[in-house]
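Architecture at a glance
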4 protein chains.
Amino acid sequence: MAGNTFGTVFKVTTWGESHGPALGAVIDGCPPGIALSDEDIQHDLDRRRPGTGMGSSSRKECDRVRILSGTFEGKTTGTPLSLMIENTDAVSRDYDHLRTVFRPGHGDFTYFKKYGIRDHRGGGRSSGRETVARVAAGAVAKRVIATRHITVSAATVELGGMAAVTSRYATDTANEFACPDSDAVTAWRKRIADAKTAGDSLGGIVEITVTGCPPGLGEPVFDKIDADLAKALMSIGTVKCVEIGAGLSAARLIGTECNDEMTDMGFLSNNAGGVLAGITTGQDMVIRIACKPIPSVENPQRTLDIEGRRTMISTTGRHDVSVIPRILPVAEAMTAIVCADHLLRQETSRLIVTKVTKKRNTARKNVDMRE
Amino acid sequence: MAGNTFGTVFKVTTWGESHGPALGAVIDGCPPGIALSDEDIQHDLDRRRPGTGMGSSSRKECDRVRILSGTFEGKTTGTPLSLMIENTDAVSRDYDHLRTVFRPGHGDFTYFKKYGIRDHRGGGRSSGRETVARVAAGAVAKRVIATRHITVSAATVELGGMAAVTSRYATDTANEFACPDSDAVTAWRKRIADAKTAGDSLGGIVEITVTGCPPGLGEPVFDKIDADLAKALMSIGTVKCVEIGAGLSAARLIGTECNDEMTDMGFLSNNAGGVLAGITTGQDMVIRIACKPIPSVENPQRTLDIEGRRTMISTTGRHDVSVIPRILPVAEAMTAIVCADHLLRQETSRLIVTKVTKKRNTARKNVDMRE
Amino acid sequence: MAGNTFGTVFKVTTWGESHGPALGAVIDGCPPGIALSDEDIQHDLDRRRPGTGMGSSSRKECDRVRILSGTFEGKTTGTPLSLMIENTDAVSRDYDHLRTVFRPGHGDFTYFKKYGIRDHRGGGRSSGRETVARVAAGAVAKRVIATRHITVSAATVELGGMAAVTSRYATDTANEFACPDSDAVTAWRKRIADAKTAGDSLGGIVEITVTGCPPGLGEPVFDKIDADLAKALMSIGTVKCVEIGAGLSAARLIGTECNDEMTDMGFLSNNAGGVLAGITTGQDMVIRIACKPIPSVENPQRTLDIEGRRTMISTTGRHDVSVIPRILPVAEAMTAIVCADHLLRQETSRLIVTKVTKKRNTARKNVDMRE
Amino acid sequence: MAGNTFGTVFKVTTWGESHGPALGAVIDGCPPGIALSDEDIQHDLDRRRPGTGMGSSSRKECDRVRILSGTFEGKTTGTPLSLMIENTDAVSRDYDHLRTVFRPGHGDFTYFKKYGIRDHRGGGRSSGRETVARVAAGAVAKRVIATRHITVSAATVELGGMAAVTSRYATDTANEFACPDSDAVTAWRKRIADAKTAGDSLGGIVEITVTGCPPGLGEPVFDKIDADLAKALMSIGTVKCVEIGAGLSAARLIGTECNDEMTDMGFLSNNAGGVLAGITTGQDMVIRIACKPIPSVENPQRTLDIEGRRTMISTTGRHDVSVIPRILPVAEAMTAIVCADHLLRQETSRLIVTKVTKKRNTARKNVDMRE
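Residues numbered from 1 in each chain as written. Chains lettered and ligands numbered in written order. Predicted model: local features only at pLDDT ≥ 70, side-chain atom pairs only at ≥ 80, totals over all residues. Heavy atoms only, no water.

Notes on the packing of helix 1 (residues 38–48) of chain D against helix 7 (residues 327–346) of chain D
All names here are of chain D. Closest axis-to-axis distance for the helix 1/helix 7 pair is 7 Å, and the angle between their directions is 135°. Classified by the angle their axes make, helix 1 and helix 7 are oblique. Mapping the contact onto sequence places Asp44, Arg47 and Arg48 in helix 1 and Leu328, Pro329, Val330 and Glu332 in helix 7. Grouping the constituent residues of the contact of helix 1 with helix 7 by class yields 3 nonpolar, no polar and 4 charged. (Axes fitted to C-alpha atoms, helices over the stretch in contact; angles between N-to-C directions. Helix = DSSP H or I, 4+ residues; strand = E, 2+ residues; numbered from the N terminus. Parallel < 35°, antiparallel > 145°, perpendicular 65-115°, else oblique. Contact = heavy atoms within 4.5 Å. Nonpolar A, V, L, I, M, F, W, Y, C, P; charged D, E, K, R; others polar.)

Below, the structure written as structure tokens:
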């Protein structure tokens, strides 16, 4: 059943396979009047692009986005935005040997069980390449929330089991990990090189920070903003854990430690991660995601073919060693989409002031140009 | 904006406040022909009920459910089920002093900022009491998935920083924590008693296991079953972290360790937690949630009133010391609702076999009773 | 599959059967701060109530509504409103003879084919009694749109094939048909009395007028406001035709006649019925619905039993002769729900002004009470 | 707010403007395994194409569809289908004079009031060209319902006030009106030629027939299949009236005439139009829509500019004289989408048989290839 749409007011539908002609996103519900050009979106696509950086897939995709609808003279019109990114370096025959084999850790087996048919080329729809459409849509969401000075940034806090020492919230810094700890950056680069040599892959942890978020975003009881963030981020194929604020460690605090006391100077801590009862407090929102290692590894592993016979598999195609750092703009995109959606949802939840205004008693035929 | 509905085919809408006349759930999309009585639901409500067990709130609610629609002669009819639980021991005046004060760690501040108006009595809609409706709806979901022999069970794996030693998956055992480690159970009881004496509160970690789940449930790309589980569980007020399978620790594994190899004996491990690319593998689904300590504590804490003036607060009302064990049926309920929804969604995703059958050329007027 | 919810922002879910304990509606997404009491809803319920007026069912239901959640001290809080109306005069044994027979023109046959099980008592969920929940929800919708001075009123324009002569838009007048043409009212009363004597039933046409609607409500391309009105009104069991503005007769006009020219005095006509390209113009919205005769008739008719055997049926139970006038508040309710929904939807579609305001650089910890 | 998606399980999202680079549709929820090629879609696009036939717009669009995702080796995979049709003959400068003027009967005024910004070129999103995406999606829907031998066909029954004499249900015949009455066809062609000469435009009435529909499709109470059909068809810009079965004339029948009696030979009539209580009976579904005349006319009409000043307008661009016959495939498309959606929805509403089967007690690790 349909599951490729995210959001309620700012509604993103994505489509496309790893080795089809193109991938894309349709955004319905973007407000009118927001300046938007291809270049605004291209910046984040370039951050996610394969073929850049050590340990990255050698697939060469220019990932140029085209805005096919929803803008006029450089501004959004309020009608659906259609964004398309063409596949230009899809080498399908690289995947011929996978037609009848299930790669461990990938969606090959489950797609086959679900549909009885699958596009085996590069994982089809279950490929990480699917996230290119998320990043394009997320770039638009960032423009929407920027109108209220809300920003989203993701930073690496751990890779291959090695944590950064960081005394402050994530900020977008100059290195590929967006990490302020230069020792960690050096160590991570070596860790990735070593894993590549060893024919293996790595996971890591990413922290996302939302600044400038006004209090009041999020809805009781199921559509809490942290619940929607959890879904948004867990829907990224590589993510196995989502934490808000103190996260897992909150379970080990006592109540007086965990509660964020308030004074007229503001909150004295942020264990809540900027969310109370599913609604933003006005503090920064802080979310962490744990990413599993890339399932494609050169080291041979046991698996089955579609007839249920034992076989071995070794992935020698073009693939990354770690989803980090390419996952950073994807995490930002999903977070920005949730924020844009809840920002617009909140517009419908505010007090309607029922002033005694002049009744519109001439409304029937009057064409009021000033409205 | 509307946010009190969960699910797409098996659709649960809840309503009600802590100190209003009643709380309830409307379930739309439950298939017809499923045997269902008040007693089927009452069992789980009793597990969640306050006033039982050490460290629990002394509020005495009998929490009797009434099925107001959607059944006929003991079976569901396919029309909406309306479930209602009346509030009988709501003592609103206990909360008069909270009319103008924000309790730290609660939704008081954020509801006020969102709506400009709030029902301060016991937290209103943001109260943990809201979960009574989830448990009622979850009991119905359990009946739906039971038709395919799918079961959901939750067990405590850590409380107040003390982990159970458990060598096997969670199973519902006889103690209030549903934990097979009797030493842990003894230690946790003491930990709760100590925290109560100290005027403080505790958090913990719960593991939920889904058995019997067929492969193929879950939808690409946003409505992955693990994404929906993450949302469902993070929407419980107390939850700050959701893990699937290896969860956080997956980030520290290398690819060859993390991948679950397959042989004709089945999968050799379950780091995936029963989900690959958002679709069930047929293995058990294993999910863990971290719960923060109850924010209501007797120890005084700094806060503000609605005028922004500093004040202190100490919660002496009826409240629990830890959400565990009462959270167990709530976690099961949300998990069962996700499973029921995806079980029914999958009915629409299967291959339509286009057999060459006799065309219905007499269809116009024929009333076929056998269909 | 779930189909008992209407609306996207102002979201109404109804439940209940003709002969169950109660019927009700849950409204999610109603803005906070709107004054609302039981009495506000009771007025419309009384207009719809059976047992009043000639030709009406003799079932005696007091139809008292209870607001079970979502208000605090007389105002909506922004959380779900739960409205319940108990069935007090349901005489189920009146329907025992219908357990195995399908009444022509009713949903008996189709519910049985759909679900394989049905609540035969009074039609169960397919009963016209279901509309009591719509009327309750519609009364809340009327309060929402009243904050912008939008009003909805329905009037009878034809009954039993006899049209009223009316030179003006529908207004709520003192008679049960809400019709300004007193000759028609007299003729219709006689027509109903005659049909009752003849053991038969009548249909009619109702016109609904929405005044005060601002321009700009409605969404391209599927959720046009007239498309949503068509669905809302066609979802009332008795309705077989929905017209907007010139309606059917628009097909017989030429373009220069049909187009509503504009001058600085306003539109010169209203063939559009207040809607262009699915979006309100600011003129009155005018919608007409055609209602079929009540299918329950005393005159015997041919039908089948659930074994497919021929039988005859004659309905002698308590039922109306015509859905008019009781349908009037139902038509208003559905129209008001559509208007409330689109009024709130429009809040998310307006231009976000991106003023250069002071950046929220102290946002992290500051608790701003003034916001 | 987002309004460009139709359907719940078979979910169609359209995008694109009259003079943008392209238009398209994303279909999410199409079942896997259905044979689908560009040519399958092209046939209906060609029926809708401008530039063919007398009285048609002279815009020359080849309207070639490209399937960008969701198929593999000629079959649907269950993932989203992305369909794109490029605009190749958009002459935007033809519309420069409309930048500041509102055309009567078009969406120019209402889009401007709604968004404060509009793409004036050819009406932008409000253009009839938007329906090209509906027709493409409808062609896929037709393939889905064809798996159950359900067919949809539209026929002209009236044009410019001249009705066809037709003693039978609509069937797709060889002429452009799909009308079996050759006298009417001749008269209509002349009527269109005369209107063109007169600088005016015409409306008409179309009947849509669905054959082979099994009983049981449609959902209580708001998502009745006739309610969804009413929305689907009223959402076509030109439609001002939707009738089901006896439609408007049902209001003038008495109950014993209107009820469709049943015998073991089937229903004796079809005033219901194949729908009782919103659920299909198994008879043909019969729906009629009234289309207003094309609002673009050469004869000058009074209107306003965006400053509210009086002006005159005369449309000399490329446009049709009547939406008929080009509307026929559009009406079929929307009808087919509703049928496909309800066919798939019904899959979730059937009785789950709870057989006592062998419990899946070895489920945890077993990889069952045969499932």
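Quick look at the relation of the copies chain A and chain B
By a simple turn and slide, chain A fits onto chain B: the slide is 0.0 Å along the axis, the RMSD is 0.0 Å, and the turn is 180°. Here the transformation between the copies is reduced to the relation of a two-fold axis. Nearest to the rotation axis, the C-alpha of A:Lys231 is located 2.4 Å from it, this being the minimum over chain A. A share of 100% of interface residues in chain A that are also interface residues in chain B marks the association as one of identical surfaces. (Least-squares fit on C-alpha atoms with pLDDT ≥ 70 in both.)

Comments concerning the sheet that holds strand 1 (residues 5–6) of chain A
Residue and element names in this part refer to chain A. Ordered by their spatial adjacency, 5 strands build an open sheet running 1-2-3-7-4, and the pairing between neighbours is antiparallel. The open sheet has two edge strands with one neighbour each: strand 1 and strand 4 (65–69). Relative to strand 2 (residues 11–16), strand 1 is paired through 2 bridges, and the arrangement is antiparallel. By the bridge assignment for strand 2, threonine 5 is matched with threonine 13. Contacts from helix 1 (residues 38–48) reach strand 4 and strand 7 (81–86) within the one sheet, and its direction differs from that of strand 4 by about 140°. (Pairing = 2+ DSSP bridges.)

Considering the side chain of D:Ser127
Residues and elements named next belong to chain D. Turning to its location among the elements, serine 127 is positioned in the loop between helix 2 (108–115) and helix 3 (131–146). We classify serine 127 as buried; its relative accessible area is 11%. The contact partners of serine 127, leaving out residues within four places of it in the chain, are Ser18 and Gly122. (Buried < 20%, exposed > 50% of the residue type's maximum accessible area, 1.4 Å probe, protein only.)

So, the interface of chain C and chain D
Taken together, the contact between chain C and chain D spans 103 residues of the former and 103 residues of the latter. Here chain C packs against chain D, burying approximately 8,600 Å² in sum over the two surfaces, 60% of which is carbon and sulfur. Together, C:Met1, C:Phe222 and C:Met262 form the three largest contributors to the area buried by chain C at its contact with chain D, with a combined 11%. One can count 12 salt bridges joining chain C with chain D. With its nearest N and O atoms 3.1 Å apart, the salt bridge here joins D:Glu219 to C:Lys114. Split into classes, the residues belonging to the side of chain C that touches chain D amount to 45 nonpolar, 34 polar and 24 charged. (Buried area = accessible area lost by both parts, 1.4 Å probe. Salt bridge = Lys/Arg side-chain N within 4 Å of Asp/Glu carboxyl O.)

Quick word on helix 7 of chain D
Between its first and last C-alpha atoms helix 7 of chain D spans 29 Å; for 20 residues at 1.5 Å apiece the expected length is 28 Å, and the two agree. Counting buried positions over the 20 residues of helix 7 of chain D gives 20, a clear majority of the element. (Expected span 1.5 Å × (residues − 1).)

A look at the relation of the copies chain C and chain D
Here chain C sits on chain D after a turn of 180° about the axis and a move of 0.0 Å along it, with an RMSD of 0.0 Å. The fraction of interface residues of chain C whose copies in chain D are also interface residues reaches 100%, indicating that both copies meet through the same surface.

Details of helix 2 (residues 108–115) of chain C
The buried count for helix 2 of chain C comes to 7 of 8 residues, which makes it a mostly enclosed element. Among all positions of helix 2 of chain C, only C:Asp108, C:Phe109, C:Thr110, C:Tyr111, C:Lys113, C:Lys114 and C:Tyr115 are buried. Taken together, the buried residues of helix 2 of chain C touch strand 12 (262–263), strand 13 (266–267), strand 14 (275–276), strand 15 (279–280) and helix 7 of chain D. Positive backbone phi, at 75°, marks C:Gly116, one or two positions downstream of helix 2 of chain C.

Quick look at the state of the cysteines
All names here are of chain A. One pass over the structure, following the stated rule, counts 0 disulfides over all chains. Cysteine 30 carries a free sulfur, and the closest cysteine sulfur to it, the one in cysteine 339, is 15 Å from it. When its relative accessible area of 2% is taken as the criterion, cysteine 30 is described as buried. (Disulfide = S-S within 2.5 Å.)

Let's talk about the interface of chain A and chain B
Contacts between chain A and chain B engage 103 residues on the former and 103 residues on the latter. Together chain A and chain B conceal approximately 8,600 Å² of surface at their shared face, both sides included; 59% is due to carbon and sulfur atoms. Put simply, chain A and chain B have 12 salt bridges between them. Linking chain A with chain B are 61 residue pairs in polar contact (both at pLDDT 80 or more). Taken together, the residues that form the side of chain A that touches chain B break down as 45 nonpolar, 34 polar and 24 charged. (Polar contact = N/O pair within 3.5 Å; in protein donor to acceptor, adjacent residues only side chain to side chain.)

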